[in-house]
Structures are given as C-alpha cells and as structure tokens.
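The residues making up each chain are set out below.
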Amino acid sequence: GGGGGGGSVSRRGLGWARCRAATFRFSCLSEDGGDVSAAAAEDLIGMPKEKYDPKDLRRIYAIMSLEEAANGKKSQWAELEISGKVRSLSTSLWSLTHLTVLHLNDNNLTRVPPDIAKLYNLAYLDLSSNKLRSLPAEIGNMVSLRDLLLNNNLLRVLPYELGRLFQLQTLGLKGNPLSQDILNLYQEPDGTRKLLNYMLDNLAVHPEQLPQRPWVTLKERDEVLPTALFTVMCYNVLCDKYATRQLYGYCPSWALNWEYRKKGIMEEIVNCDADILSLQEVETEQYFNLFLPELKQRGYDGFFCPKSRAKLVSEQERKHVDGCAIFFKTEKFALVQKHTVEFNQLAMANSDGSEAMLNRVMTKDNIGVAVLLEVHKDLFGATLPEVQLVNRHKNQVKYPSE
C-alpha cells in the first residue's frame, strides 16, 4: 500500500492492497483466452476501459463479455501492475508466487524488500521511474527473469548477485547515476551479457554456505544372508571442453576453469572413498596425467576408453577426447576381464537396415566400458560370485514421435 489514507481494494480477493489513489491493473486470462468481465474490470480499476488502454503492446487487456461471465467462464491472471505514486508495498504481494509479469514502474518506491525474491516465477519485472537507491542481493535468486527494467532511478551501485540472472535478456539501466566503469561496460555491444558476466565473476562465494549432499538409504543390510559390502561412486566429472558459459551461464568463469574444478573433483572422490569408481566425461589426457596416478597412490587400478572419434583424429586432438573410466580398489577386487562397447558399431551390426536406428546413433560416438571383477573372498569372508560393472555415457536423441 501507499503512504496512508485512501480506501482498500478488495474485489476478487485483493484486500491486501491499500494505497492512496493507486491503480491496480491485471492481465487476466481465462482458461480459453478470455478475461474478467467489463463490469468487474471497471470496478477493480476505477476507470473506464478506454482510459487505461496501454500503449505498450505487451500490456493489452482482454475483457470478458457479460455473457461469458454469466455462463460461468473462469479467468486466471499472471500479470499485475501497481501504479499511482505508491511508496511502499504490502507484504501480501509476495504470496502471489504465480505471477510472471510485475509492473511497479512510475511510483515513489525508495527500496525493494528482499522478499521480492519469493516471486520466483517472474520473467518480467519493471521497476523503472521510482526513487530506488539500492537493490537487495536476493534479486539474484530470481533466476526466471528475462527482462529487468531499472531505468530512471537513483542507483549508484548494483549488487554483484545480479550476475546470477543467467536467463536475463534485457537489463534497463538508463537514467541512473552509476559509475562510469559500469556504464562503459553496459554500453558495449552485447553489454548486458558482458556486465552480468563481470558481476558473476566478481561475486564473493562463501564455501561454508554450500549445502551438504543429502544421502538416501535405499535398503538396510540383511545381517542373515552372506554379504560382501562394497561402495560404488558414479560421477560425471564434466569434460573441460563442455564446461562453457553458453551451457552454464549461471556459473562464474573461474569456477568452470579445469585447474579449479579438478581440485574439487579429486577432493570429492577422496572423501567418498568408494571401493569402485565409475567416471564419465574423463578427458584422455586427464586420465593418464591426473586420475590414474592420483588414484593409484590411493590403492586403485583403472580401465579407460575414449569415445570412438579418438581413432579418427590427430594425436594432439586425441588428448582432449573424453571417455569413460572405471577404478577399483585392488585390496578388494582383481580384474578378470575388461570390455569396450562402441554403440555406433553395435548399431551397424544390428540395425537390420533400419534407417531410424542408424540416424539415431551414427551421428554420435558414444561408448561404454565393462569390467568383470573377482572379489577377494578372504577379505569379505564369504563365498560370492564375481562382480560385473558397466559404465556408459550416452547422449539421448529424441524424435517428435517419441
């Protein structure tokens, strides 16, 4: 609500709004494209329809006819506009989590509460032409935003958390007394993306705030049956060439860098201390220079195979082809057999002339690796069969008919 005085707008369950001469506009769509009745719309907005027709084509209000309303046609709304020199906002606004568009422009707002981040479905937010001097850091949690308009305010600084808005396409900053460095970056070609990348790369990260992994127990051990207990870790380590800002726009560039990531990956593997490791997207060079020597020091042996294209590229390019790897603790297992599956070769041998089958797999070079491990019976204290483990990493290809 605004700064006291005035009546409350309570139609259609909107009793949370209280303001002085404020206008509330709703873009309300019925189940089949209609809207609230003309009578209800005039009652809500307090003025005839012809006086609030917007010039912005984004904000066109459909009016449900009286006949449609009388026939029980339902409406729903996902857009809201609040205007009329409003100075503050009711806390009840943050309960409207279904909103996708929110117009708060042309008011007298001096601050935006951190609770605005509760509107997690917002894709469009207009805060232009207010008196904002700062933005809450929580605005960086509104990752569904594609348009954020902040034009004509009093902003001198921006929170680095804005860099988290990896889906943002439009950022309006004109008419703010921002620093020249920020304005220069913003005014460059593709300035919005460059500014967001800069802010994300300089955002302070506090590792102690990272959540712990939740573990789920699927089945308790049967104490009666003879059992050999061992642990298996399956981990896609994300090959360096796939760790791009285009794919992971929400991640700072320093965190995508392999020299940084490999330390965390090895730390995760060591802390898990699994008996068997099943790793995907392992770069050939990193297997021989990092994973194999590091894990051998910790009692593992391994088997690795790169993707099929490794046979077709130069020796230098082969170093960067990724594949699958299996490691096992030699104190618990002995390698009996190892095998590689090349899916495109398998498809050619079993396609029976099926064009769909060949089109599905021949454009990929996916592989799988399998090992047969013998359990050290003296260690486990039970007579058990051998362990067979298969590790594959395959890109799925979907067709319209599926």
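Not measured: the values here are computed from a predicted model.

S.K.: Let's hear about the overall build of the protein chain: which residues, and what values?
M.R.: Scanning the protein chain for helices and strands turns up 11 helices and 15 strands. When each of the 402 residues of the protein chain is scored for burial, the buried share is 42%. The long-range fraction of contacts in the protein chain, counting pairs at least 24 apart against all pairs at least 6 apart in sequence, stands at 54%. Only carbon and sulfur atoms are counted for the fraction: they give 51% of the accessible area of the protein chain, which is about 22900 Å².

S.K.: Which residues make up helix H7 (residues 284-296), and what values do they have?
M.R.: In the structure, H7 departs most strongly from a straight axis at Leu290, where the bend amounts to approximately 25° and where the proline Pro293 lies between one and four residues downstream. Every buried residue belonging to H7 is among Thr284, Gln286, Tyr287, Leu290, Phe291, Leu292 and Leu295, and all of these are buried.

S.K.: Describe the sheet that holds strand S11 (residues 300-306), with residues and values.
M.R.: Spatially, 4 strands are ordered S9-S10-S12-S11 in an open sheet, and the strand pairing comes out mixed. Among the strands making up the open sheet, the edge pair consists of strand S9 (232-236) and S11. If you compare each strand with its neighbour and ignore which way they point, the axes differ by 15° on average. Bridge analysis of S9 against strand S10 (residues 276-283) gives 5 bridges, and the strand direction is parallel. Bridging across to S10, Met233 finds its partner in Leu277. Packing of helix H6 (residues 258-272) onto the sheet brings it into contact with S9 and S10, and relative to S9 it is tilted by some 170°. Packing of H7 onto the sheet brings it into contact with S10, S11 and strand S12 (322-329), and relative to S11 it is tilted by some 170°.

S.K.: Could you give an account of the pattern of salt bridges, with specific residues and numbers?
M.R.: What the rule picks out here adds up to 10 salt bridges. Within the structure, one salt-bridge network assembled from shared partners comprises Lys241, Lys307, Arg309 and Asp322.

S.K.: Summarise the environment of Gly191; cite the residues concerned and give the values.
M.R.: One can find Gly191 in helix H4 (residues 191-201). Judged by its relative accessible area of 5%, Gly191 falls in the buried class. For the pair Gly191 and Leu171, spaced 20 residues apart in sequence, the C-alpha to C-alpha distance is 9.4 Å. Beyond its immediate stretch of four places on either side in the chain, Gly191 contacts Leu185 and Tyr186.

S.K.: Give a description of unusual backbone geometry that names residues and reports values.
M.R.: For Asn152, which is not glycine, the phi dihedral falls at a positive 55°. With respect to the secondary-structure elements, Asn152 resides in the loop between strand S7 (147-149) and strand S8 (170-172).

S.K.: Describe the sheet that holds strand S13 (residues 333-342), listing the residues and the values that go with them.
M.R.: Spatially, S13-S14-S15 is the arrangement adopted by the 3 strands of the open sheet, whose pairing is antiparallel. On the outer flanks of this sheet lie S13 and strand S15 (387-393), each paired with one strand and no other. Across the sheet, the mean angle from the axis of one strand to that of its neighbour is 15°, orientation sign disregarded. Here S13 pairs with strand S14 (residues 367-375) via 9 bridges, running antiparallel. Paired with Phe333 across the two strands is Val375, which belongs to S14.

S.K.: I'd like a rundown of the packing of aromatic side chains, residues and numbers included.
M.R.: In this structure the tally under the stated criterion is 9 aromatic pairs. Seen from their ring centres, Tyr160 and Tyr198 are 6.4 Å apart, and the 50° between their planes marks the pair as tilted. With a gap of 38 residues between them, Tyr160 in the loop between S7 and S8 and Tyr198 in helix H4 connect regions that are remote in the sequence. Looking at Tyr160, the relative accessible area reads 36%, which means it is partly exposed. On the basis of an interplanar angle of 85° and a centroid distance of 4.9 Å, the ring pair of Tyr287 and Phe288 is categorised as edge-to-face. Among the aromatic residues, those joined into a ring-pair cluster are Tyr287, Phe288, Phe304 and Phe327.

S.K.: A description of the confidence of the model for the protein chain should follow, citing residues and the corresponding values.
M.R.: Mean pLDDT over the protein chain stands at 79; residues scoring 70 or higher make up 74%. Note on residues 1-22: pLDDT under 50 across the span, and 51 contacts to partners over four residues away in sequence or across chains. Between residues 27-55, whose pLDDT stays under 50, and residues either more than four places distant or in other chains, the model counts 69 contacts.

S.K.: How would you summarise the side chain of Asp275 if you had to cite specific residues and measurements?
M.R.: Tracing the chain through its elements places Asp275 in the loop between H6 and S10. Polar contacts involving the side chain of Asp275 include one to the side chain of Lys332, which spans 2.8 Å.

Thresholds applied
Residues numbered from 1 in each chain as written. Predicted model: local features only at pLDDT ≥ 70, side-chain atom pairs only at ≥ 80, totals over all residues. Heavy atoms only, no water. Helix = DSSP H or I, 4+ residues; strand = E, 2+ residues; numbered from the N terminus. Buried < 20%, exposed > 50% of the residue type's maximum accessible area, 1.4 Å probe, protein only. Contact = heavy atoms within 4.5 Å. Areas by Shrake-Rupley, 256 points an atom, 1.4 Å probe, with all protein chains shown as cover. Bend = angle between axes of the 7 residues up to and from the residue. Pairing = 2+ DSSP bridges. Axes fitted to C-alpha atoms, helices over the stretch in contact; angles between N-to-C directions. Salt bridge = Lys/Arg side-chain N within 4 Å of Asp/Glu carboxyl O. Phe/Tyr/Trp six-rings, centres within 6.5 Å; stacked < 30°, edge-to-face > 60°. pLDDT = per-residue confidence, 0-100. Polar contact = N/O pair within 3.5 Å; in protein donor to acceptor, adjacent residues only side chain to side chain.

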